[in-house]
Amino acid sequence: MLKVYLIQMDSAKGSKSENLDRAKAMILDTHPTEGSLILLPEMFATGYIPANLAAAAEDFSTNSTGETARMLSEIADATNGTIMGAGITRASNGYFNHVSIYAPHTPKEFCGYNKMNLFFPEKESFKAGENINLFKLKEIPSPYADHAHISAKALSDQRDQVGNDNKTESVSWTIASFICYDLRFPEIFREVTKKGANLITIQAAWPAKRRAHWETLLKARAIENQVYIAAVNAVSTAPNAPTPLAGTSLIISPNGDILAEGSSQSEMVISAELDLQAERNYRKSFPVLDGIVPPDLI
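Some remarks on the pattern of salt bridges
Applying the stated criterion across every chain, the model contains six salt bridges. Taking the shortest distance from any N to any O, the salt bridge between E42 and K115 comes out at 3.2 Å. Pair noted here: E42 is in the loop between strand 2 (37-39) and helix 2 (53-56) and K115 is in the loop between strand 5 (111-114) and strand 6 (134-141), with a separation of 73 residues, a long-range link. Accessibility expressed as a relative area gives 1% for K115, which makes it buried. E224 is the salt-bridge partner of R221, the closest N and O atoms lying 2.5 Å from each other.

Next up, the structure:
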């Protein structure tokens, strides 16, 4: 079983350092199960598209190149889990809307993703990413505890290079990551499913006025691809927020059942345990993906 935690937070309250401190406290106060996967919302440290992009942009390549990367690495080490942060990084001509993934006791970002489908306000200053992202989490039974340890292995950020070098018989998840507006493009979800994804994550700053779209599209992506969906969204707790964000973070099963749901107005942490064998059994009993996904990836 893989335990997934979604950190639904309001990223518009204060400075980057204050947001980082609050995110860290929310995670550590939850005492995540060792070996879990932890997700933070899109641009969680700055709020969505801060006024000063140059000041907000960071280098996520190592835990010594930026304060957000340092915080992600510290949490990965403290929880012995894998954490998916998000922020702004520099591109050759502008910026990327970026997912940064840190594994425990690893000083370098082991995997990342740049948002491929830019939302309208991003198009002036941001550059679209070109590659999907898949990575492995391998459940390794611990001799010292009843829960599982998870080791992370990046596959590749290239569309045509997805491999699995795990040689043991332990349960291994293939995870794909997307950001917010990517949700409206079902073809990229199908693409990662064809490459073996059995869990897809979305990190978002989705507005409250389109909450119904958020809920409907997330369920559709889960159902049509028979995958688990873990979607964390930012939330607006202030009643006078200029563009209120929807919260309503969701963890959804491969047949569209909601396993965990966040509030629409409050900061909170939600979690669920995901069962890879249950997903495989469901895919075999209701073979929607037959002829689409290679049999060895179902």
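Back to the write-up after that little detour.
Details of unusual backbone geometry
A positive phi angle, near 45°, is found at I49, a position not held by glycine. Along the polypeptide, I49 turns up in the loop between strand 2 and helix 2. Since its relative accessible area comes to 25%, I49 is described here as partly exposed. One non-glycine residue, N80, lies in the positive phi region at around 50°. Among the secondary structure elements, N80 is positioned in the loop between helix 3 (67-79) and strand 3 (82-91).

Some thoughts on the pairing of strand 3
Most of strand 3 is tucked away, with nine of its ten residues classed as buried. Here three bridges tie strand 2 to strand 3, and the two strands are oriented parallel to one another. Bridging across to strand 3, I38 finds its partner in I83. Looking at chain direction, strand 3 and strand 4 (residues 94-102) are connected through nine bridges and run antiparallel. The partner of A86 across the bridge, within strand 4, is V99. Linking two consecutive strands that pair antiparallel, namely strand 3 and strand 4, is a turn of two residues.

Details of the sheet that holds strand 3
Judged by pairing direction, the sheet is mixed, and its six strands sit side by side in the order 5-4-3-2-1-13 without closing on themselves. Looking along the sheet, the strands with just one partner apiece sit at the ends: strand 5 and strand 13 (268-274). Pairs of neighbouring strands in the sheet enclose a mean axial angle of 25°, with direction left out of account. In this fold helix 1 (residues 16-30) packs onto strand 1 (2-8), strand 2, strand 3 and strand 13, with an angle of close to 145° to the strand it touches most, strand 1.

Notes on the packing of aromatic side chains
Across all of its chains, the model carries eleven aromatic pairs by this definition. Centroid distance Y113 to F178: 5.8 Å. Interplanar angle 85°. Geometry classified as edge-to-face. Within this pair, whereas Y113 is found in strand 5, its partner F178 is found in strand 8 (residues 172-179), the two being separated by 65 residues in sequence. With a centroid separation of 4.9 Å and an interplanar angle of 35°, the aromatic rings of F119 and F120 are classed as tilted. On the basis of relative accessibility, which here comes to 54%, the residue F120 falls in the exposed class.

So, how was this worked out
Residues numbered from 1 in each chain as written. Predicted model: local features only at pLDDT ≥ 70, side-chain atom pairs only at ≥ 80, totals over all residues. Heavy atoms only, no water. Salt bridge = Lys/Arg side-chain N within 4 Å of Asp/Glu carboxyl O. Helix = DSSP H or I, 4+ residues; strand = E, 2+ residues; numbered from the N terminus. Buried < 20%, exposed > 50% of the residue type's maximum accessible area, 1.4 Å probe, protein only. Pairing = 2+ DSSP bridges. Axes fitted to C-alpha atoms, helices over the stretch in contact; angles between N-to-C directions. Contact = heavy atoms within 4.5 Å. Phe/Tyr/Trp six-rings, centres within 6.5 Å; stacked < 30°, edge-to-face > 60°.

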